[in-house]
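Chains, contacts and geometry: an overview
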Amino acid sequence: MTSFTSITKALSRPKISIINRILVVDVLAIVLTILFEVYKGTLSGIDPLQISLAYSMIAYFAAFVLLSRNMEHVYISSAYRLIPASDTKLYSANLLSA
């Protein structure tokens, strides 16, 4: 049988890729918005925190949706059924890797 840790490592790679892409877009949006506020001259002391929180809420929601979609894809995919593991082990490893 396949070990639980090897399944978890294999299932976590696409999730890490998804999160990295979301973080890059989030940081880019925050930096561009702050630079635009500086260019306009309307940046106050609390604005960077407000901008970061606003974009991060959107990023967290997008991450939740994309990770949920990825988890469901793994659970119903025929390719992952070729792994010699029980349904419970596959589901638990997939959930733990998220």
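All residue numbers refer to positions counted from 1 along the written sequence of the respective chain. Only residues with pLDDT of 70 or above have their local features reported here, since the model is predicted, and side-chain atom pairs are shown and tallied only from 80 upward, although totals for entire chains, interfaces and linings are computed over all residues. Heavy atoms from the whole structure form the basis of all side-chain values; hydrogens and water molecules are not counted.

**Some points on the overall build of the chain**
- Strands are runs of DSSP state E lasting at least 2 residues, helices are runs of H or I lasting at least 4, and numbering of each runs from the N terminus. The secondary structure content of the chain amounts to 3 helices and 0 strands.
- When the elements of the chain are put in sequence order from the N terminus, they spell out α-α-α.
- Only protein chains enter the accessibility calculation, which uses a 1.4 Å probe; a residue is then buried when its area is under 20% of its type maximum, exposed when over 50%, and partly exposed in between. Sorting the 98 residues of the chain into buried and exposed places 26% on the buried side.
- Contact definition: two residues touch when any of their heavy atoms are within 4.5 Å. Residue pairs at least 24 apart in sequence account for 71% of intrachain contacts in the chain once pairs closer than 6 positions are excluded.

**Quick notes on the side chain of Asn-70**
- Considering the arrangement of structural elements, one finds Asn-70 in helix α2 (residues 47-76).
- Residues within four places of Asn-70 in sequence aside, it is in contact with Pro-14, Lys-15 and Ile-18.

**A look at the environment of Ile-30**
- Structurally, Ile-30 can be placed in helix α1 (residues 4-40).
- Taking C-alpha positions, Ile-30 is 9.1 Å from Ala-54, a pair spaced 24 residues apart along the chain.
- Sequence-distant contacts of Ile-30, defined by excluding residues within four places in its chain, comprise Ile-51, Ser-52, Tyr-55 and Ser-56.

**With respect to the environment of Val-27**
- Looking at the secondary structure, you find Val-27 in helix α1.
- Distance from Val-27 to Ser-52, taken between C-alpha atoms, is 8.4 Å for residues 25 residues apart in sequence.

**A few points about the nonpolar core**
- By size, the foremost hydrophobic cluster in this structure holds 5 residues: Ile-18, Ile-22, Ala-59, Ala-63 and Leu-67.
- Looking at this core, the elements with two or more residues in it are α1 and α2.
- If one sorts the elements of this core by residue count, α2 sits on top with 3 residues.
- Once you skip the residues sitting within four places of it in the chain, Ala-59 turns out to touch Ile-22 and Asp-26. Among the buried residues, those of types Ala, Val, Leu, Ile, Met, Phe, Trp, Tyr and Cys that are joined through side-chain atoms within 4.5 Å form a nonpolar core.

**Some details on the pattern of salt bridges**
- Note on definitions: salt bridges are taken to be side-chain nitrogens of Lys or Arg within 4 Å of carboxyl oxygens of Asp or Glu. Applying the stated criterion across every chain yields a total of 1 salt bridge.
- Salt-bridge contacts for Lys-40 lead to Glu-37; the nearest nitrogen and oxygen are separated by 4.0 Å. With a gap of 3 residues between them, Lys-40 and Glu-37 both fall in helix α1, about one helical turn apart.
- We classify Lys-40 as partly exposed; its relative accessible area is 46%.
- Take Glu-37: its relative accessible area is 17%, and that puts it in the buried class.

**Some details on the confidence of the model for the chain**
- For the chain, the mean per-residue pLDDT works out to 82, and 80% of the residues sit at or above 70.
- The predictor reports its confidence for every residue as pLDDT, a score running from 0 up to 100. Averaged over each element, pLDDT in the chain is lowest for helix α3 (residues 87-97) (71) and highest for α2 (88).

**Quick notes on a nonpolar patch on the surface**
- A contiguous nonpolar patch, built from Val-27, Leu-28, Val-31, Leu-32 and Leu-35 and spanning about 470 Å² of accessible area, is present on the exposed surface.
- Tracing the backbone shows Leu-32 in helix α1.
- You can call Leu-32 exposed: its relative accessible area is 51%. The residues that make up patches have over 30% relative accessible area and no salt bridge, and they are joined within 9 Å when like-charged or within 5 Å when they are Val, Leu, Ile, Met, Phe, Trp or Tyr. To be clear on the numbers: accessible area is Shrake-Rupley with a 1.4 Å probe, and residue cover counts the displayed protein chains and nothing else.

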